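# Results of the structural survey
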Amino acid sequence: MLERIVMCVCCIMCSIPFLIFSLFDKDSGLTPIPFWSGSENNLKKQLKDIKGYNAEMAIIYKKYAMAFGAAAIGSLIYPLIGIVTLVFNCTVGIYLVYKKYKLIVKRYSI
């Protein structure tokens with residue numbers, strides 16, 4: 001049972017940063033939500049509607065946080081479910097988030 005709790009806590013800790021981004025930065029019109037760290041300055045120069053961009057990125061990050069939440073719940077039910085979900089989130093999931101990010105940047109670019 002301890003491994004289930006530890007895995008659940010780890011998955012929740014993975015989801016928290018994405019949840020914070022999605023809840024607190026969605027209405028910001030000053031700083032764009034980056035895909036990964038360190039690209040805020042380039043995005044600020046590239047985007048024409050930062051507020052609209054942030055709203056769409058917040059939706060994506062909220063879905064990604066929910067995917068890690070699903071991994072947390074799955075790990076409580078059966079550890080293998082959590083492992084499979086976590087591997088999916090860290091491989092296919094991040095690829096899908098990246099592809100969606102590129103589409104959003106293209107939509108809101110100058």
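Structure's up top.
Notes on the structure follow. (Residues numbered from 1 in each chain as written. Predicted model: local features only at pLDDT ≥ 70, side-chain atom pairs only at ≥ 80, totals over all residues. Heavy atoms only, no water.)

### As for the overall build of the chain
The number of helices and strands found in the chain is four helices and zero strands. In the chain, the succession of helices and strands from N to C terminus is α-α-α-α. Overall, the C-alpha framework of the chain stretches about 50 × 25 × 20 Å when taken along its three principal axes. Among the 110 residues that make up the chain, the fraction classed as buried is 35%. Residue pairs in contact within the chain that sit at least 24 positions apart in sequence constitute 67% of those at least 6 positions apart. Treating the 13 positive side-chain charges of the chain as one cloud and the 6 negative ones as another, the clouds have centres 7 Å apart. (Helix = DSSP H or I, 4+ residues; strand = E, 2+ residues; numbered from the N terminus. Buried < 20%, exposed > 50% of the residue type's maximum accessible area, 1.4 Å probe, protein only. Contact = heavy atoms within 4.5 Å. Lys, Arg positive; Asp, Glu negative; His and termini not counted. Charge placed at Lys NZ, Arg CZ, Asp CG, Glu CD.)

### Notes on helix 1 (residues 2-24)
One turn of the α-helix equals 3.6 residues, which is why residues spaced by three or four share an orientation. Taking 1.5 Å as the rise per residue, helix 1 with 23 residues should run 33 Å; its terminal C-alpha atoms sit 33 Å apart, in good agreement. If you check which residues of helix 1 are buried, you get Met-7, Cys-8, Cys-11, Ser-15, Phe-18 and Ser-22. Tucked inside the fold, the buried residues of helix 1 contact helix 3 (50-77) and helix 4 (79-108). (Expected span 1.5 Å × (residues − 1).)

### Considerations on the packing of aromatic side chains
Applying the stated criterion to the full structure yields eight aromatic pairs. Seen from their ring centres, Phe-18 and Tyr-64 are 4.9 Å apart, and the 85° between their planes marks the pair as edge-to-face. With Phe-18 in helix 1 and Tyr-64 in helix 3, the pair connects residues that are 46 residues apart, well separated along the chain. The burial state of Phe-18 is the same as that of Tyr-64; both residues are buried. A centroid spacing of 5.1 Å and a plane angle of 85° characterise the contact between Tyr-64 and Phe-68, whose relative ring orientation is edge-to-face. A residue pair is termed a helical-turn pair when its members lie 3 or 4 positions apart in one helix, as Tyr-64 and Phe-68 do in helix 3 at four residues. Each member of the pair, Tyr-64 as well as Phe-68, carries the same accessibility label: buried. Linked through ring pairs, Phe-18, Phe-21, Tyr-61, Tyr-64 and Phe-68 together constitute an aromatic cluster. (Phe/Tyr/Trp six-rings, centres within 6.5 Å; stacked < 30°, edge-to-face > 60°.)

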